[in-house]
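Residues per chain, in single letters:
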Amino acid sequence: MTAAALTAAALTLTGCGGGGGQSADSGKKVELRMLANISLTQTEDFWNKTVAPFEKANNVDVKIVAPGADGLAGTLTQLLASGDVPDVVEWLAPSAKLAPELVDLSKYDWAKNGPLAEQNKVDGKYYTAGVGENLQSTFFYNKKAFADAGITQAPATMDEFEADLAKLKAAGWVPLQTGGEWFSNILFQYISLPNVLAANPDWHKKMSSGDLTFSQTFAGSAKRYADWLKAGYVPKDAVGVKYADAEANFLAGKVAIYPMGSWFAAAEKAAPKKPDIGVFSTPVEHEGDTPRVAAALANTYLAMKASKHQDLAIKLIKFMTTDKTAITEQLSGDGIFRAGYDDYPMDQVSKDLQKLISDTPAEDFVSPGEGSGDTIVPAGFTNELNTDVQAMMTGKSADDFLHSMDDWFASNR
Amino acid sequence: MLVPMYVMVISAFKPQADIILHPLAISPHNFTLEYLHKALTSEKFNVVRAYGITLLFVVLVNVFCIVLAAPASYVIARGRSKWHLTLLLFFVSGMFIPSQVTVIPVIFVLRVLGLMGTIPGFVLFETALTLPVTIFLFVAYLRTVPRDIDEAAALDGAGKIRAFWSCIFPIMKPAVATIVVLNSIAVWNDFVNPQVVLGTSSGIYTVTTGVYAAVGRYTTDFTLLFPTLLLAIAPAFIFFILMQRKIIGGLVAGATKG
Amino acid sequence: MASPAVIVFLAMFMVPMVLAFVLSLTDWNGFSLRFEWVGFDNYATAFKNPRVVHAATFTFVVALIGTILCNGMGLAVACLISGTGALNTVARTVFFYPYIISALIIGFLWSALLAPQGVVNNILTQLGAPPVPFLSDPGFAKWTLIFTIVWSTFGFNMILYIAGLKSIPAEYYEAAMVDGATPWLKFRHITFPLLAPVTTVNLVLTIVGLLKSYDIVLALTDGGPAGSTQTVVYEILRDSFVNARLGFGSAQAVILLIVTGAIAVAVTLTRRGAEMRVSE
């Protein structure tokens, strides 16, 4: 073991000599490199604009590094392995695996008191600061469709939800919009995970240890999902629908309900023509249950230990997560929300989402996907869920689905 | 065989609605250079720069590959000892090793050398990948060249290395042509190796990694997709059409000898 | 004179290969200072992991069917257009051209053509026909991938076969003509046996090439739907980088290496018989 650690150390150290090659000449401007997620709304231009005041005030040049073919997490692994480590990483939440590479931000109040800071603690330490929250249990619906089907109120329980889908179908609407690519899991996750987490508060831990299995906790949801597929609430060829098309379909008023993260609000706001849209969060399983709202810390920032300009890196993170203008730009630019920050032009959908965040008590938030901080399931869970949900969409039974997920946990625990 | 090409070319000059409604029709009234221009000036993918960089890689890899492989092949082809056979096997075994097996660990080798994420590092690795096939073909070819020539070269009194380059190498022309064709196609089209070795932080994009960055995995915007693909293919394609006799001829010549 | 080549090859090829094996015995994530030696655990996991097994099976099927189709079509087309006429030259260019285009771009191009809302399905819809789930049905997507690979690479096999055909002395055919042999008989008794060395090269190159399919998968299907078109290399890169399990990824890479080598050697050896007959 010691020998192993030494070999790794040698590899890493020797690499440091030649790798980065970004030594700070005293006369030259310092360059900070930030690996940041690039989306339709958060383009490289967007990032450059947002960091501009920071660059000016601190005489640094912030260079945005875009992720490659393996996505942001994969790109970070590549960069770490090549010794070409960026100073700041945006978008990834800290994990036990990454923690040794990160700067501990626990001594900064702005990191400790930021949104969802507690949920993202790793080993009792604060490694990240974020800008706001992404809601990930939200269902956007076409108000006209609901009116056509005689639905007067958003569903509060899953049974009501199911009844509403039948009404929508009867009224001639395509009830649900889902699709292929990376987002096939969204509909399934949004109708299941918040309620599973409500019933099993220790779900992540017990799944990781093997005390619980996927089929024990998701059997009901899987059956429900399979029934919905059978009933035609989801179009048969949905698995071929691309993300951009799914969004366009809903905005064109072709479908009744579009389950999607709150980032959809940014696209909705930018759309020139759209139907009247409402939003509700995952209905509870039984009447009287407390609803859980899934929310992930959004625009998280990590400072890398390998950075040669750690102080500046931390300063940049502080700027991105505390500067009013920087926050507002990020909130409005990407459909992120933060309680108390509503001082920018919002449309009705955004206002509804803002209200949902403000009205939900801190303890009723749960983490979507693989979890956050110390409460996580093995990495790759969402990916596998996505793949297996697609299998269900293309004809596999609910039992096969549960089996496949159980197998995955068994071999990845 | 030609339909996909045809669709790509005509679609590069049409608006989205027209591509969807009349995929096969040439529509002069809708003809526009707007999208091609947009793709050409895209901030995500500097096409002209990518051409330059990829071309540079093609040239460098070809030069290094031939400079390294030709003399080595000569030694192997002329040698009769077990040691020479071992050397041949050593190189040729590389033909069966997928480059994806080595591309991840090579990160650490390049790191130790201080070449990770740099052009020399990439060229070195890419050159190594071309050596097995090159040496295999060169050796096969050189074995068909009579030994008398060696003696004639030696008579010249020039050094061994100079004798090789001035007398033997010119005879290898057909084999060299084949290798240049194969290497050029391989390097121009490579995606995984530049993606991993050069990474995204170096800011060095080849045509393929640039297309990937510009088009991404999830695009449905045909007015972005088709013009970008057209631009990516065009230079290599035009070169191929102009040179196709020589390219195909070179492959045929190499294959029969090898 | 050989030493520079040996040094470069050692450093950039052989050392990484050995390193891949060493890494495969660890649980290293690619960057941390600590890791554990786990022996052959990664290999055991690979054989048990359903995704890895599926990817391996699928890759093998692609390589097998792809090799048969590429060579069958390559040989058939080669026989038809091996002449010297201008028409033959044009035909060769037409069949060969996809080979000079990057597999990534081929993948993007065909995905635009075959996507649910792509060119082909738009035409079908306009004609009133139901759309075909080329890329959205797991079964269909596998065949679409194989078709696309064959479409883009059989031209290369064709060129090699043409080269082989040209090296067959014309006297053989003249002799057969005297005997009044049919074209099929001529093919069976002269062409095919004499092509044996070229066929071996073709088979080995195609199968080795297809076992490492990745670029086209990434652009055409991204491994989907439902993970049905994930290949071994897709898994290796995903596990190594996205999941930061470099050790596990390396183990799969080593397995790929062994399988590829074994198949290449096996094909070469079994073909030796056919080649021997040529030299007689």
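- As recorded by an unreviewed UniProt entry, chain A carries the name Extracellular solute-binding protein and is attributed to Nocardioides marmorisolisilvae.
- The Sequence similarities (unreviewed entry) comment attached to chain A in UniProt states, word for word, "Belongs to the bacterial solute-binding protein 1 family."

**Topic: the overall build of chain C**
Working step 1: When helices and strands are counted, chain C shows 13 helices and zero strands.
Working step 2: Listed by position from the N terminus, the elements making up chain C come as α-α-α-α-α-α-α-α-α-α-α-α-α.
Working step 3: The burial tally for chain C puts 54% of its 280 residues in the buried class.
Working step 4: Sequence separation of at least 24 residues holds for 73% of the intrachain contacts in chain C that already meet a minimum separation of 6.

**Remarks on the overall build of chain A**
Working step 1: Regarding its fold elements, chain A presents 16 helices and 14 strands.
Working step 2: Taken over C-alpha atoms, the radius of gyration comes to 22 Å for chain A, in line with the 22 Å a tight globule of 413 residues would show.
Working step 3: C-alpha extents for chain A along the principal axes are approximately 70 × 50 × 35 Å.
Working step 4: Buried positions account for 51% of the 413 residues belonging to chain A.
Working step 5: The long-range fraction of contacts in chain A, counting pairs at least 24 apart against all pairs at least 6 apart in sequence, stands at 75%.

**What to know about the interface of chain A and chain C**
Working step 1: Each side of the interface is counted separately: chain A has 33 residues, and chain C has 33 residues.
Working step 2: Where the side of chain A that touches chain C is concerned, the elements lending two or more residues are α1 (2-18), α3 (71-82), α15 (381-393) and α16 (398-412) of chain A.
Working step 3: Considering only residue class, the side of chain A that touches chain C consists of 14 nonpolar, 13 polar and six charged.

**Focus on the domain arrangement of chain A**
All names here are of chain A.
Working step 1: If you check the domain split of chain A, you get domain 1 (29-134 + 296-362) and domain 2 (138-291 + 378-412).
Working step 2: Each of domain 1 and domain 2 has a C-alpha centre, and the two are 28 Å apart.
Working step 3: Listed by partner, the interface residues are twelve residues for domain 1 and twelve residues for domain 2.
Working step 4: Contributing elements (two or more residues each) for the side of domain 1 that touches domain 2: α13 (324-334) and α14 (348-359).
Working step 5: Classifying every residue of the side of domain 1 that touches domain 2 by side-chain character gives four nonpolar, five polar and three charged.

**What about helix α13 (residues 207-215) of chain B?**
Because an α-helix packs 3.6 residues into every turn, residues spaced three or four apart end up facing the same way.
Working step 1: By the criterion of burial, α13(B) is predominantly enclosed, with nine of the nine residues buried.
Working step 2: Restricting attention to buried positions, one finds in α13(B) the residues B:Val207, B:Thr208, B:Thr209, B:Gly210, B:Val211, B:Tyr212, B:Ala213, B:Ala214 and B:Val215.

**Here's the deal with the interface of chain B and chain C**
Working step 1: In this complex, chain B contributes 56 residues to the contact, which on the side of chain C involves 60 residues.
Working step 2: In terms of residue count, helix α14 (residues 222-257) of chain B provides more of the side of chain B that touches chain C than any other element does, 13 residues in total.
Working step 3: Partitioned by chemical class, the residues of the side of chain B that touches chain C number 47 nonpolar, eight polar and one charged.

**Description of the sheet that holds strand β4 (residues 128-129) of chain A**
All names here are of chain A.
Working step 1: Here we have five strands laid out as an open sheet, ordered β2-β1-β3-β11-β4, and mixed in their pairing. Single-partner strands in this sheet number two, and they are β2 (60-65) and β4.
Working step 2: For β4 and strand β11 (residues 301-303), the ladder comprises two bridges, and the chain directions are antiparallel. When the bridges of β11 are listed, Thr128 appears paired with Leu302.
Working step 3: Helix-sheet contacts for helix α12 (residues 310-322) involve β1 (30-35), β2, β3 (88-90), β4 and β11, and the interaxial angle to β11 is about 165°.

**Examining the sheet that holds strand β12 (residues 365-366) of chain A**
All names here are of chain A.
Working step 1: Here we have three strands laid out as an open sheet, ordered β5-β10-β12, and mixed in their pairing. Lying at the two open borders of the sheet, with one neighbouring strand each, are β5 (132-135) and β12.
Working step 2: Inspection of the sheet shows strand β10 (residues 293-298) paired to β12 by two bridges, in the parallel sense. Residue Ala294 lies in a different strand from β12, and its bridge partner there is Val366.

**Things to note about the nonpolar core**
Working step 1: Of all hydrophobic cores here, the largest spans 301 residues; its most connected members are A:Val88, B:Ala69, B:Phe138, B:Val211, B:Leu229, C:Ile105 and C:Ile159.
Working step 2: If one sorts the elements of this core by residue count, helix α4 (residues 47-78) of chain B sits on top with 16 residues.
Working step 3: Residue contributions to this core reach at least three from each of two domains, namely domain 1 (29-134 + 296-362) and domain 2 (138-291 + 378-412) of chain A.
Working step 4: Here C:Ile159 is in contact with B:Ile248, B:Leu251, B:Val252 and C:Phe96, once residues within four sequence places are set aside.

**Quick look at the packing of helix α5 (residues 82-92) of chain B against helix α8 (residues 119-142) of chain B**
Between two packed helices, what matters for the description is the angle formed by their axes and the separation of those axes.
Residue and element names in this part refer to chain B.
Working step 1: Running from N to C, α5 and α8 point in directions that differ by 135°, and their axes come no closer than 8 Å. With respect to α8, the element α5 is oriented oblique. Here Leu88, Phe91 and Val92 of α5 come into contact with α8, specifically with Leu131, Pro132, Ile135, Phe136 and Val139.

**Description of the packing of helix α3 (residues 50-80) of chain C against helix α7 (residues 138-166) of chain C**
Residue and element names in this part refer to chain C.
Working step 1: Interhelical geometry of α3 versus α7 gives an angle of 45° and a closest axis separation of 6 Å. As the angle between them shows, α3 and α7 are arranged oblique. Regarding α3 and α7, the two cross each other, and that crossing is right-handed. On the side of α3, the interface is formed by Phe58, Val62, Ile65, Gly66, Leu69, Cys70, Asn71, Met73, Gly74, Leu75, Val77 and Ala78, while α7 contributes Lys142, Leu145, Ile146, Ile149, Val150, Thr153, Phe154, Asn157, Met158, Tyr161, Ile162 and Leu165.
Working step 2: Of the residues contributing to the contact of α3 with α7, the split by class is 18 nonpolar, five polar and one charged.

**Thoughts on α13(A)**
All names here are of chain A.
Working step 1: Within α13, burial applies to Ala326, Ile327, Gln330, Leu331, Gly333 and Asp334.
Working step 2: Among the structural elements, α2 (44-58), β5, α11 (264-270) and α12 are those in contact with the buried residues of α13.
Working step 3: Downstream of α13 by one or two residues, Gly335 has phi in the positive range, about 65°.

**What to know about the pairing of strand β9 (residues 277-281) of chain A**
All names here are of chain A.
Working step 1: Side chains Ile277, Val279 and Ser281 of β9 all project onto a buried face; the interleaved residues Gly278 and Phe280 project onto a face where none is buried.
Working step 2: As paired elements, strand β6 (residues 138-142) and β9 share five bridges and run antiparallel to each other. Paired with Phe139 across the strands is Phe280, a residue of β9.

**Things to note about unusual backbone geometry**
Working step 1: In this model, A:Trp91 sits at a positive phi of 95°, which is unusual for a non-glycine residue.
Working step 2: Mapping A:Trp91 onto the fold places it in the loop between β3 and α4 (109-112).
Working step 3: Its identity as a non-glycine residue notwithstanding, C:Ala244 has a phi of 50°, on the positive side.
Working step 4: For C:Ala244, the position within the fold is in the loop between α12 (232-242) and α13 (246-279).
Working step 5: Taking the C-beta count within 10 Å as the criterion, C:Ala244 has 26 such neighbours and is therefore assigned buried.

**Remarks on the confidence of the model for chain A**
It should be kept in mind that the predicted coordinates are not to be read in detail where pLDDT is low.
Residue and element names in this part refer to chain A.
Working step 1: Confidence in the prediction for chain A averages 88 pLDDT; 93% of positions are at 70 or higher.
Working step 2: Element-level pLDDT for chain A is lowest in α1, with a mean of 40, against a maximum mean of 97 in β6.
Working step 3: Every residue in residues 1-26 scores below 50 in pLDDT, and together they form 32 contacts with partners more than four places removed in sequence or on other chains.

**What to know about the environment of A:Thr322**
All names here are of chain A.
Working step 1: You can see Thr322 is positioned in helix α12.
Working step 2: Looking at Thr322, the number of C-beta atoms within 10 Å reads 17, which means it is partly exposed.
Working step 3: Sequence separation of Thr322 and Leu76 is 246 residues, and the distance between their C-alpha atoms is 25 Å.

Reading guide: rules and limits
- Note on numbering: residues in each chain are counted from 1, in written sequence order.
- Naming scheme: in the order in which they are written, chains are lettered from A and ligands are numbered from 1.
- Note on the predicted model: pLDDT of at least 70 is required for a residue's local features to be given, and 80 or more for side-chain atom pairs to be given and counted; whole-chain, interface and lining totals, by contrast, use all residues.
- UniProt positions are given in the numbering used here, feature names are shortened, and annotations may be inferred rather than shown by experiment.
- Secondary structure counts use DSSP, requiring at least four H or I residues in a row for a helix and at least two E residues in a row for a strand, with both numbered from the N terminus.
- Our exposure labels follow a C-beta count within 10 Å of each residue's own C-beta, placed from the backbone: buried means 20 or more other C-beta atoms, exposed means 12 or fewer, and partly exposed covers the counts in between.
- Once C-beta atoms are placed from the backbone, any two residues with those atoms within 7 Å are in contact.
- Put simply, the radius of gyration uses C-alpha atoms, and a globule should come to 2.2 Å times the residue count raised to 0.38.
- In this classification, Asp, Glu, Lys and Arg are treated as charged, Ala, Val, Leu, Ile, Met, Phe, Trp, Tyr, Cys and Pro as nonpolar, and every other residue, Gly included, as polar.
- Start and end points for every domain follow an automatic or database-based domain assignment.
- Criterion used throughout: strands pair if DSSP finds at least two bridges between them.
- Orientation is described by axes fitted as lines to C-alpha atoms, over the contacting stretch for helices, and by angles from 0 to 180 degrees between their N-to-C directions.
- Any nonpolar core is a set of buried residues, restricted to Ala, Val, Leu, Ile, Met, Phe, Trp, Tyr and Cys, that join up through C-beta atoms within 7 Å.
- Angle categories: roughly parallel below 35 degrees, roughly antiparallel above 145, roughly perpendicular from 65 to 115, and oblique for all the rest.
- By definition, turning the near helix anticlockwise from the far helix through less than a right angle yields a left-handed crossing, and turning it clockwise yields a right-handed one.
- As a per-residue measure, pLDDT tells how confident the predictor is, with possible values from 0 to 100.

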